[in-house]
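# Summary of structural features
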Amino acid sequence: MWCILAGSLAALPFQRRLALLLGTIALGWACLEGVVDLRGVVALGIILLIARVKMHATGRSRVLTAGGEILLVIAALALLVHQIPGFYNPRILDDVQAGTHSAPFTLYFNFDKALMPFVLLAALPTLLFTRSDYHPKCWQWLLLILSMPVLLMVAMLLGALKIELHFPSWLGSFMLANLFFVSFAEEALFRGYLQQRLAGWLGNLPALFIAALIFGLAHIGGGLLLVVFASMAGLIYGLAWMWSGRLWVSTLCHFALNMCHLLVFTYPIYWQG
């Protein structure tokens, strides 16, 4: 089921019909497995109805188009914070440690959060691909890539992380969840939707910084230091999106930084036990 759901998200930027087919199969399987119940199906049906109304209103009624987009964004946010009833996201890892000095953490497979890109794509058709006015050189991309481990090194110098190499037995599950159910979902919201909309209103650079700051503030539960570093990471992801106009590029940057964090440093933070 989870691999099919991941496959639907992987196909979404390139084969939308295939993505919808795989997503429907994953949803049906989730219902059989008890991950989604009737309330969740009804909620998704209402979201689909809103999306259809918005699609037919586009070019005909600005009020219905704008109203539909607002409702779809609210629905996406509700999926993000698990406020739509009927979803029972399974706990895959419970209070595990990547290494001796890594803090314990828990991993869920979030079916509701994984649906966010579908909902946001209905809200904004250019979510996955948009025109970029930038033509960065190869060395600029190289600097952007190198900035990710540099950011983690700065966190280490400040005492939040330590070097600790890992190759845990649950690495495959972590990669699946982090790429599709975390990185892609969060990039769809913060870069594909928020930064793109802000860029249309305020310009590219203000949008870059505001979206990065909001992304950082979304991590406030981890403390002020995490907000700062998440905001800086948001700038990296935002540049990747701004330069490429491709959501999958910023998603891969997001995933790459998270994997570098897990494999090379204490994850999620340094813990003395």
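Our subject is the structure that appears above.
Predicted model only: the values in this text are computed from it and were never measured.

Cut-offs used in this document
Residues numbered from 1 in each chain as written. Predicted model: local features only at pLDDT ≥ 70, side-chain atom pairs only at ≥ 80, totals over all residues. Heavy atoms only, no water. Helix = DSSP H or I, 4+ residues; strand = E, 2+ residues; numbered from the N terminus. Rg over C-alpha atoms; globule rule 2.2 N^0.38 Å. Buried < 20%, exposed > 50% of the residue type's maximum accessible area, 1.4 Å probe, protein only. Contact = heavy atoms within 4.5 Å. Expected span 1.5 Å × (residues − 1). Arc of directions from axis to C-beta. Phe/Tyr/Trp six-rings, centres within 6.5 Å; stacked < 30°, edge-to-face > 60°. Core = buried A, V, L, I, M, F, W, Y, C linked by side-chain atoms within 4.5 Å. Axes fitted to C-alpha atoms, helices over the stretch in contact; angles between N-to-C directions. Parallel < 35°, antiparallel > 145°, perpendicular 65-115°, else oblique. Left-handed = near helix turned anticlockwise from the far one by under 90°. Salt bridge = Lys/Arg side-chain N within 4 Å of Asp/Glu carboxyl O. Pairing = 2+ DSSP bridges.

## Points about the overall build of the chain
Across its full length, the chain holds 11 helices and 2 strands. Each helix and strand of the chain, ordered N terminal to C terminal, gives the series α-α-α-α-β-β-α-α-α-α-α-α-α. In terms of overall size, the chain behaves like a compact globule, its C-alpha atoms giving a radius of gyration of 19 Å where 273 residues would be expected to give roughly 19 Å. Seen along its three principal axes, the alpha-carbon backbone of the chain occupies a region of about 55 × 45 × 30 Å. Going through the 273 residues of the chain one by one, you find that 49% of them count as buried. Considering only intrachain contacts with a sequence separation of at least 6, the fraction spanning at least 24 residues in the chain is 74%.

## Things to note about helix α9 (residues 204–217)
When the terminal C-alpha atoms of α9 are compared, their 20 Å separation across 14 residues agrees well with the 20 Å that a helix rising 1.5 Å per residue should span. Taken together, the buried positions of α9 are occupied by Ala 207, Leu 208, Ala 211, Ala 212, Phe 215 and Gly 216. Viewed end-on, α9 has its buried residues packed into an arc of 165 degrees, placing them on one side of the element. Where α9 is buried, its residues contact α8 (171–202), α10 (224–244) and α11 (247–264).

## Some points on the side chain of Gln 195
Within the secondary structure, Gln 195 is located in helix α8. Under the relative-accessibility criterion, Gln 195 is labelled buried at 1%. Among all residues touching Gln 195, those that are not within four sequence positions of it are Phe 190, Ala 207, Leu 208, Ala 211, Gly 238, Trp 241 and Met 242.

## Some points on the packing of aromatic side chains
The way to describe two aromatic rings as a pair is by their centre distance and the angle between their planes. By the definition in use, this model includes 14 aromatic pairs. Between Phe 87 and Phe 111 the ring centres are 6.5 Å apart and the planes differ by 25 degrees, which places this aromatic pair in the stacked class. Remark: Phe 111 occurs in helix α5 (residues 111–114) and Phe 87 occurs in the loop between α4 (62–80) and β1 (91–96); sequence separation between them is 24 residues. In terms of burial, Phe 87 and Phe 111 fall into one category: buried.

## Considerations on the nonpolar core
Nonpolar side chains in soluble globular proteins tend to be buried together. Counting residues in each nonpolar core, the largest one holds 89 residues, and the members touching the most others are Trp 2, Phe 111, Leu 120 and Phe 181. Considering each element in turn, this core owes the most residues, 16 residues, to α8. Those residues in contact with Phe 181, other than ones at most four positions away along the chain, are Trp 2, Leu 5, Ala 6, Leu 9, Phe 109, Asn 110, Lys 113, Ala 114 and Leu 176.

## Brief notes about the packing of helix α1 (residues 2–11) against α8
With their axes 10 Å apart at the nearest point, α1 and α8 run at an angle of 50 degrees to one another. Between α1 and α8, the crossing angle belongs to the class labelled oblique. Crossing geometry of α1 relative to α8 is assigned as left-handed. In this structure, α1 contributes Trp 2, Leu 5, Ala 6, Leu 9 and Ala 10 to the contact, and α8 contributes Leu 176, Phe 180, Phe 181 and Phe 184.

## Examining the pattern of salt bridges
Opposite charge on two side chains permits them to pair, given that their charged atoms come into close proximity. Scanning all chains against the criterion turns up 6 salt bridges. Here Arg 131 ties to Asp 133 by a salt bridge, and the two come within 2.3 Å at their closest N and O atoms. Under the relative-accessibility criterion, Arg 131 is labelled exposed at 68%. Residue Glu 187 is joined to Arg 191 by a salt bridge in which the shortest nitrogen-to-oxygen separation is 2.6 Å. Of this pair, Glu 187 and Arg 191 both sit in helix α8, separated by 4 residues, roughly a single helical turn.

## Concerning the pairing of strand β2 (residues 105–108)
Of the two faces of β2, the one holding Phe 105 and Leu 107 is buried and the one holding Thr 106 and Tyr 108 is not buried anywhere. In this structure, β1 lies alongside β2, joined through 3 bridges in antiparallel fashion. Bridge pairing links Arg 91 to Tyr 108 in β2.

## Details of the environment of Ala 30
Its place among the elements puts Ala 30 in helix α2 (residues 16–33). For the pair Ala 30 and Tyr 88, spaced 58 residues apart in sequence, the C-alpha to C-alpha distance is 9.5 Å. Apart from residues no more than four positions distant in its own chain, Ala 30 is found in contact with Met 1, Val 35, Val 36 and Phe 111.

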